[in-house]
Amino acid sequence: MEKPPRGPLPSSSIPQPIRSDGAGWVDKGPRDIMRDMENPDMLVPPATDAGLIPNLRFSFSDTHMTLNQGGWSREVTIREMPIATTMAGVNMALTPGGVRELHWHQQAEWSYMLLGHARITAVDQNGKNFIADVGPGDLWYFPPGIPHSIQGLEDGCEFLLVFDDGHFSDLNTLSISDWFAHTPKEVLSANFGVPIDAFAGIPSQQVYIYQDKVPGPIDTQKVQSPYGPIPLSFKHQLLAQTPIKTPGGSVRIVDSANFPISKTIAAALVEIEPGAMRELHWHPNNDEWQYYLSGQGRMTVFSGNGAARTFDYRAGDVGYVPFAFGHYIQNTGTETLWFLEMFKSDRFQDVSLNQWMALTPTELVQSNLNVGPELLHALRKEKWPVVKYPGFSYYPK
């Protein structure tokens, strides 16, 4: 049966690829108008955009969903975003009692809890074990090769997983069920010292995610290791950190300085109020992988040699900035913009354009840019990751 046509939008609300200076023309052909409305800076790029910067945005909404009894997962890897070579991400949800089975990776796993609660377990190479409950705003980090599991508690959970390799896929991990399924039962019998029929009911393939009952209180599941607990916690409470607050927002930085086990992934949780922006800056240590949690914003990335490109982002999107490229993130909505910026590094590092200019001889900055005292006297020697100045803020029309 043919679907009825969707009601037309008023012509005045249909965006057209025409810049205010008259460049461009109307688009009368087939088009996804709703998509164009979500990406105004791609439909009508700022006049300062130029060159051939590749795509630096991908939405989890455009990925393949893997659905299981017990939860779901979807991922953004180098397959979806070819420029993102250093990191990959997985968005996963588990039902109450749902289990991401016992497994391990060749890559480090860093996670941010989006909602709900989960129980995580792990054992290190020295036989020291770990079990903890995590909730919204908590992190965990498992080094490469460390076996672990995740299980949803009474309210279920959703979380972001980040891996320090753009080629990573969560569907290609090392799982306990998969290993059992591909090991002769007589070998399993010899390894564990039990009859072969003890393995009659093992899965025939990787389980990945499965439904189980909600676990009891954490004290009822504790297992005492003869070697004791792990020396460095795999859990960190990011929202419990005192933020760096500036006019317009805040930043919470987490790396090996305050989360010692996290040796290959550093991150910042950024809050940008309406009218504010993450200042013009760059990162001197590695590429930046972003995840947008709420609100909407835009980012222009500058790569040198006259090349720059602007992208629009909203909740559920992934952004990417190659190593040392200049950029900013501006709140273009009416609600607070929250996002994570992550790096394949043990430490968070950024360079502020404002601070660099303020700590450089004034005469040099003046002659280089042909600017006057109005700008030179406004430069700050202290870094403000987020900025907002009365009378100089952006608000949507």
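Details of the structure are given in the entry above.
One structure accompanies this document, and this report is about it. Residue numbering note: each chain is counted from 1, following its sequence as written. This being a predicted model, a pLDDT of at least 70 is required before a residue's local features are given, and a value of 80 or more before pairs of side-chain atoms are given or counted; all residues contribute to the totals for chains, interfaces and linings. Hydrogens are left out, water is left out, and the side-chain values use all remaining heavy atoms of the structure.

## Some details on the sheet that holds strand 22 (residues 337-343)
Item 1. In spatial order, the strands read 1-20-17-22-15-14-13; together these seven strands make up an open sheet with antiparallel pairing. Each end of this open sheet is capped by a strand with a single partner; those strands are strand 1 (57-59) and strand 13 (244-246). Mean inter-strand twist for the sheet, computed between neighbouring axes without regard to direction, equals 20°.
Item 2. Here, a strand pair is defined by DSSP locating no fewer than two bridges between the strands. A run of H or I in DSSP counts as a helix once it spans at least four residues, and a run of E counts as a strand once it spans at least two, with each numbered from the N terminus. Relative to strand 22, strand 15 (residues 266-272) runs antiparallel, the two being bridged by seven bridges. Paired with Ala 268 across the two strands is Glu 341, which belongs to strand 22. For helices, the fitted axis covers only the stretch in contact; all axes are lines through C-alpha atoms, and the angles between them, taken along N-to-C directions, range from 0 to 180 degrees.

## Quick look at the packing of aromatic side chains
Item 1. Stacked, tilted and edge-to-face are the three classes applied to pairs of Phe, Tyr and Trp rings, where Trp contributes its six-membered ring and a pair requires centres within 6.5 Å; stacked means planes under 30 degrees apart, edge-to-face means over 60, and tilted covers the rest. Taken as a whole and judged by the stated rule, the model has 16 aromatic pairs.
Item 2. Here the aromatic rings of Phe 192 and Phe 199 are separated by 6.1 Å at their centres, their planes lie at 45°, and the arrangement is tilted.
Item 3. Burial here depends on accessible area, computed with a 1.4 Å probe over protein chains only, as a share of the maximum for the residue type. Under 20% is buried, over 50% is exposed, and the range in between is partly exposed. Using a relative accessible area of 47% as the deciding quantity, one classes Phe 192 as partly exposed.
Item 4. The buried category is assigned to Phe 199, whose relative accessible area is 6%.
Item 5. These aromatic residues form a ring-pair network of at least three members: Phe 130, Trp 140, Phe 142, Phe 159 and Phe 234.
Item 6. Directly above the ring of Tyr 394 sits Arg 298, whose terminal nitrogen or CZ lies 4.6 Å from the centroid. Think of it as a cone above the ring: NZ of Lys or CZ of Arg counts as a charge over the ring if it is within 6 Å of the ring centre and within 35 degrees of the ring normal.

## Looking at the pattern of salt bridges
Item 1. Any Lys or Arg side-chain nitrogen located within 4 Å of an Asp or Glu carboxyl oxygen qualifies as a salt bridge. Per the stated rule, a full pass over the model turns up 15 salt bridges.
Item 2. Between Glu 341 and Arg 278 there is a salt bridge, and its shortest N-O distance comes to 3.2 Å. Of this pair, Glu 341 sits in strand 22 while Arg 278 sits in strand 16 (residues 277-282), and the two are 63 residues apart along the sequence. Like Glu 341, the residue Arg 278 is buried in the burial classification.
Item 3. Within this structure, Arg 278, Glu 341, Asp 350 and Lys 383 form a network of salt bridges that share partners.

## With respect to the environment of Leu 359
Item 1. Residue placement: Leu 359 occurs in the loop between helix 5 (353-358) and helix 6 (362-369).
Item 2. Taking the C-alpha atoms as reference points, Leu 359 and Lys 381, separated by 22 residues in sequence, lie 6.2 Å from one another.

## Focus: the nonpolar core
Item 1. Core analysis: the biggest nonpolar cluster contains 71 residues, and Trp 110, Trp 140, Phe 159, Trp 289 and Met 342 have the highest contact counts within it.
Item 2. Residue contacts for Phe 159: discarding those within four places in its chain leaves Val 90, Asn 91, Met 92, Leu 94, Ser 111, Tyr 112, Met 113, Leu 114, Trp 140 and Ile 150.
Item 3. Counting residues in hydrophobic clusters, the runner-up holds five residues, among them Met 357, Val 365, Leu 376 and Leu 379. Remark: nonpolar core denotes a set of buried residues (Ala, Val, Leu, Ile, Met, Phe, Trp, Tyr, Cys) joined through side-chain atoms within 4.5 Å. Note on contacts: a residue pair is in contact if any heavy atoms of the two residues lie within 4.5 Å.

## Overview of the pairing of strand 20 (residues 317-321)
Item 1. Across the five residues of strand 20, five count as buried, placing the element largely inside the fold.
Item 2. Because side chains alternate across strand 20, one face comprises the buried residues Asp 317, Gly 319 and Val 321, and the other comprises Val 318 and Tyr 320, equally buried.
Item 3. Note that strand 1 and strand 20 share three bridges and pair antiparallel. By the bridge assignment, Phe 58 is partnered in strand 20 with Val 318.
Item 4. Sheet analysis places strand 17 (residues 288-294) next to strand 20, joined by four bridges and oriented antiparallel. Across the sheet, the residue bridging to Glu 288 is Val 321, located in strand 20.

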